[in-house]
Protein chains: 2
Amino acid sequence: MYDNLKLDNQLCFRLYTAARLIMQAYFPYFEPLGITYPQYLVLLVLWEKDHQPVNDIARRLHLETNTVTPLLQRMEKQGLLSRKRGKEDTRQRIVSLTAKGKALEERAKDIPDCLVAQLSDKMEDINCLRAAMPALDALIDGLR
Amino acid sequence: MYDNLKLDNQLCFRLYTAARLIMQAYFPYFEPLGITYPQYLVLLVLWEKDHQPVNDIARRLHLETNTVTPLLQRMEKQGLLSRKRGKEDTRQRIVSLTAKGKALEERAKDIPDCLVAQLSDKMEDINCLRAAMPALDALIDGLR
DNA sequence: CTAATTTATATCGTTCACGATGCAAAAGTA
DNA sequence: TACTTTTGCATCGTGAACGATATAAATTAG
């Protein structure tokens, strides 16, 4: 048995699992809003800065357009945003929030705190997670 | 603008991105073996201990059977493993490696090291990631 | 001013991930 | 023994992810 191939030694497995479990923990909060976690990420980007082309959103989320385009199409169908052709560059699709998309910000603003509270109940030291954020940033930066 | 809703403040986004980017980095190594990252995880579990029921594999990976069952079905079709009904409990499906599945261990044993080496080139402090592992374990344990 | 190339987005096919649900075998209960 | 509940696995439908590829507009080169 190679130590390298022990599940418990694998960082990626931890990241993969942690991400999935947090998304599951988010689910009950997103469900009443009719959105998913990746859709929430798109909204975060647009709440920060409205009217962005597909590419800028994709880059911000470290995703490819072939993931983001269908995501945006579904969100457009739900009436959360619009996708209009760019004026100077007609290849671009400028993504803008609708009133419905904007309104969700108010309803979503407390969700992260709810999750942190929920986590604090379950683990004694929540700050060790905050402490890990720079390491993750370095990793992401290295792999981009 | 709510600070809570800034993408850069979100731990889950980092985990989600880091996991995806590492899986992408794994891809060129897995592709010649004809497997995917989740399939690799299943193999890790079976290389550690062969002949396990679906439930044990699912629990080890923190996945539900409705994710693992189709995964195993695909792997069976590829000839990596077999799924036989349990003897004492006929509801169970005992998953066992085939010769082909076992043989992959030898070919996969150096992949984690390759990835670490690749990462070391790209970021100066790779140990800060190892240091984050206990925090991730605590998080996963809290969310289970 | 064409022709080659790059860029922005989209489509396609396959594999996950997962909530909801179904079903049959096993275990517990009356 | 008959009935209920639990357990183990599976199916279904939807929404991601993503590698590969396509298409049209913009840019660059010749």
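Above this text you will find the structure in question.
These figures come from a predicted structure and were not determined experimentally.

The rules we used
Residues numbered from 1 in each chain as written. Chains lettered and ligands numbered in written order. Predicted model: local features only at pLDDT ≥ 70, side-chain atom pairs only at ≥ 80, totals over all residues. Heavy atoms only, no water. Helix = DSSP H or I, 4+ residues; strand = E, 2+ residues; numbered from the N terminus. Buried < 20%, exposed > 50% of the residue type's maximum accessible area, 1.4 Å probe, protein only. Contact = heavy atoms within 4.5 Å. Areas by Shrake-Rupley, 256 points an atom, 1.4 Å probe, with all protein chains shown as cover. Lys, Arg positive; Asp, Glu negative; His and termini not counted. Charge placed at Lys NZ, Arg CZ, Asp CG, Glu CD. Pairing = 2+ DSSP bridges. Axes fitted to C-alpha atoms, helices over the stretch in contact; angles between N-to-C directions. Core = buried A, V, L, I, M, F, W, Y, C linked by side-chain atoms within 4.5 Å. Parallel < 35°, antiparallel > 145°, perpendicular 65-115°, else oblique. Left-handed = near helix turned anticlockwise from the far one by under 90°. Nonpolar A, V, L, I, M, F, W, Y, C, P; charged D, E, K, R; others polar. Near = heavy atom within 4 Å. Polar contact = N/O pair within 3.5 Å; in protein donor to acceptor, adjacent residues only side chain to side chain.

Draft legend 1. Representation of the overall build of chain A within the structure. Counting secondary structure elements, chain A contains 7 helices and 3 strands. Taking the principal axes of the C-alpha coordinates as reference, chain A spans close to 55 × 35 × 25 Å. In chain A, buried positions account for 47% of the 144 residues. Put simply, 48% of the contacts in chain A that link residues at least 6 apart link residues at least 24 apart. Accessible surface computed for chain A: about 7400 Å², of which carbon and sulfur atoms make up 50%. Averaged over its 21 positive side-chain charges, chain A has a centre that lies 9 Å from the centre of its 19 negative ones.

Draft legend 2. Molecular detail of the environment of A:Ile140. Residue and element names in this part refer to chain A. Residue position: Ile 140 is located in helix α7 (residues 127-143). Overall, Ile 140 belongs to the buried group, its relative accessible area being 8%. Linking Ile 140 and Leu 81, residues 59 residues apart in sequence, is a C-alpha distance of 28 Å.

Draft legend 3. How the structure looks around the sheet that holds strand β1 (residues 52-53) of chain A. All names here are of chain A. Pairing in this open sheet of 3 strands is antiparallel, and the strands run β1-β3-β2 from one edge to the other. Two strands lie at the open edges of the sheet, namely β1 and β2 (81-85), each paired on one side alone. Bridge analysis of β2 against strand β3 (residues 93-97) gives 5 bridges, and the strand direction is antiparallel. Paired with Lys 84 across the strands is Ile 94, a residue of β3. Strand contacts of helix α4 (residues 65-77): β2 and β3, with the helix running at about 120° to β2, the strand carrying the most contacts.

Draft legend 4. Broad picture of the nonpolar core. Membership of the largest hydrophobic core comes to 100 residues, with the highest contact counts inside it found for A:Leu15 and B:Leu15. Excluding anything up to four places from it in sequence, A:Leu15 contacts A:Leu136, A:Leu139, B:Leu15, B:Ala18, B:Ala19, B:Ile22 and B:Leu136.

Draft legend 5. Quick look at the packing of helix α1 (residues 11-30) of chain B against helix α6 (residues 111-122) of chain B. Residue and element names in this part refer to chain B. Their axes nearest at 11 Å, the elements α1 and α6 cross at an angle of 130°. Taken together, the axes of α1 and α6 lie oblique to each other. For the pair α1 and α6, the crossing hand works out as right-handed. Residues Ile 22, Ala 25, Tyr 26, Tyr 29 and Phe 30 of α1 touch α6, and the partners they reach there are Ile 111, Pro 112, Cys 114, Leu 115 and Gln 118. Grouping the constituent residues of the contact of α1 with α6 by class yields 9 nonpolar, 1 polar and no charged.

Draft legend 6. Broad picture of the protein's contact with DNA strand C. Inspection of the region around DNA strand C gives 27 residues, with A:Tyr16, A:Arg83, A:Arg91, B:Thr36 and B:Arg74 positioned closest. In DNA strand C, the atoms that sit within 4 Å of the protein are 74% sugar and phosphate, with bases accounting for the remainder. Interatomic distance of 2.9 Å between a side-chain N/O atom of A:Arg93 and a phosphate oxygen of DNA strand C. Take B:Thr90: an N or O atom from its side chain is 2.9 Å from a sugar or linking oxygen of DNA strand C. Split into classes, the residues belonging to the surface near DNA strand C amount to 7 nonpolar, 12 polar and 8 charged.

Draft legend 7. Region of the structure containing the protein's contact with DNA strand D. Every one of the 27 residues lining DNA strand D counts as a neighbour, but A:Gln39, A:Arg74, B:Thr69, B:Arg83 and B:Arg91 are closest to it. Sugar and phosphate atoms constitute 74% of the interface atoms of DNA strand D, taking the interface as everything within 4 Å of the protein. A:Thr36 is positioned such that a nitrogen or oxygen atom in its side chain is 2.7 Å from a phosphate oxygen of DNA strand D. Here a base nitrogen of DNA strand D and a side-chain polar atom of A:Arg91 are 3.2 Å apart. Contributions of two or more residues to the surface near DNA strand D are made by α2 (37-48) and α4 of chain A together with α1, α3 (54-60) and α4 (65-77) of chain B. Residue composition of the surface near DNA strand D, grouped by class: 7 nonpolar, 12 polar and 8 charged.

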